[in-house]
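The primary structure of each chain is shown beneath.
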Amino acid sequence: MHLVNWINFPTLGDERGSLIALEAEKHIPFAIKRVYYIFNTKAGVARGFHAHKALKQVAVCVSGKCKMLLDNGHEKVEVWLDSPNKGLVLEDLTWREMHDFSEDCVLLVLASEHYDELDYIRNYEEFLKQVKT
Ligand code: T46
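For clarity, every value in this text was computed on a predicted model and none was experimentally measured. (Residues numbered from 1 in each chain as written. Predicted model: local features only at pLDDT ≥ 70, side-chain atom pairs only at ≥ 80, totals over all residues. Heavy atoms only, no water.)

Caption draft 1: Local environment of the side chain of Ser112. Secondary-structure assignment places Ser112 in the loop between β11 (106-111) and β12 (120-121). For Ser112, the residues in contact, after removing those within four places along its chain, are Phe30, Ala31, Lys33, Leu55 and Lys56. (Helix = DSSP H or I, 4+ residues; strand = E, 2+ residues; numbered from the N terminus. Contact = heavy atoms within 4.5 Å.)

Caption draft 2: Fine view of the site of the ligand. In the vicinity of the ligand lie 13 residues, with Arg34, Arg47, His52, Arg96 and Tyr120 positioned nearest. His52 is positioned such that a nitrogen or oxygen atom in its side chain is 2.7 Å from an oxygen atom of the ligand. Arg96 is positioned such that a nitrogen or oxygen atom in its side chain is 2.8 Å from an oxygen atom of the ligand. Protein coverage of the free-state accessible area of the ligand, which is 650 Å², stands at 69%. Put simply, the parts of the chain that give the shell around the ligand at least two residues each are β4 (34-39), β5 (47-52) and β10 (95-99). Per-element tally for the shell around the ligand: the top contributor is β5, with 4 residues. A breakdown of the residues in the shell around the ligand according to their chemical character gives 5 nonpolar, 4 polar and 4 charged. (Near = heavy atom within 4 Å. Polar contact = N/O pair within 3.5 Å; in protein donor to acceptor, adjacent residues only side chain to side chain. Areas by Shrake-Rupley, 256 points an atom, 1.4 Å probe, with all protein chains shown as cover. Nonpolar A, V, L, I, M, F, W, Y, C, P; charged D, E, K, R; others polar.)

Caption draft 3: Examining a nonpolar patch on the surface more closely. A cluster of nonpolar side chains, namely Val35, Tyr37 and Phe39, defines an oily patch on the protein surface of about 340 Å² accessible area. Locating Val35 in the fold gives a position in strand β4. Residue classification places Val35 among the partly exposed positions, given a relative accessible area of 46%. (Patch = residues over 30% accessible without salt bridge, like charges linked within 9 Å, V, L, I, M, F, W, Y side chains within 5 Å. Salt bridge = Lys/Arg side-chain N within 4 Å of Asp/Glu carboxyl O. Buried < 20%, exposed > 50% of the residue type's maximum accessible area, 1.4 Å probe, protein only.)

Caption draft 4: Expanded view of the nonpolar core. In terms of nonpolar packing, the biggest core is built from 16 residues, with Ala59, Met68, Leu81, Leu88 and Leu107 touching the most fellow members. Looking at this core, the elements that each hand over two or more residues are β6 (57-63), β7 (66-71), β8 (76-81), β9 (86-90) and β11. Looking at which element gives the most residues to this core, the answer is β7, with 3 residues. Setting aside anything within four residues of it in sequence, one finds Leu107 in contact with Tyr36, Tyr37, Ile38, Ala59, Val60, Cys61, Cys66, Leu81 and Met98. (Core = buried A, V, L, I, M, F, W, Y, C linked by side-chain atoms within 4.5 Å.)

Caption draft 5: Focus on the pattern of salt bridges. If you walk through the whole model with that rule in mind, you get 7 salt bridges. Among the salt bridges present, the one from Arg16 reaches Asp14, with a minimum N-O distance of 2.7 Å. Judged by its relative accessible area of 35%, Asp14 is partly exposed. The partner of Lys33 in a salt bridge is Glu113, and the shortest N-O contact between them spans 3.2 Å. Here Lys33 is found in the loop between β3 (17-19) and β4, whereas its partner Glu113 is found in the loop between β11 and β12, with 80 residues between them in sequence. Given a relative accessible area of 47%, Lys33 falls into the partly exposed group. Linked by salt bridges that have partners in common, Lys67, Glu78 and Asp100 make up one network.

Structure, rendered in structure tokens:
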């Protein structure tokens, strides 16, 4: 599995403008149990700084942009989320950080599970330990 996996969403539209529809198990590779969105992020703020044990997610910037750092314990990559037709897959014990939010950024996240704090690894040393096991 590559560290960075994008899904390109088909853009539907007509003379009125654009529309993107995301269907579970079709455009999104799992059954969606939760949707959340991050917006109104203050200047200079960074978020994330954790990994998940089992959760699968797809993140899409529906407005504006932000930078996502992905780290699998061996390799770190930074990518821009800057288009409503690009979904970034977040899975497989990946440390993530979000930086450089534009003022108009709305980051939509589709998740495979309900919110569960026990699925988070919020300590980087603990994350590296889990990667090795
Ligand atoms: C992730 C990245 C991309 C809830 O109560 N329910 C929820 O579904 C979520 C996502 C959060 N919360 C609570 C937990 C915290 O008290 O909202 C507060 C902020 O969450 P957190 O600090 O985890 O937010 P981020 O932006 O650091 O991380 C979020 C997701 O939590 C995480 O799963 O992968 O976005």
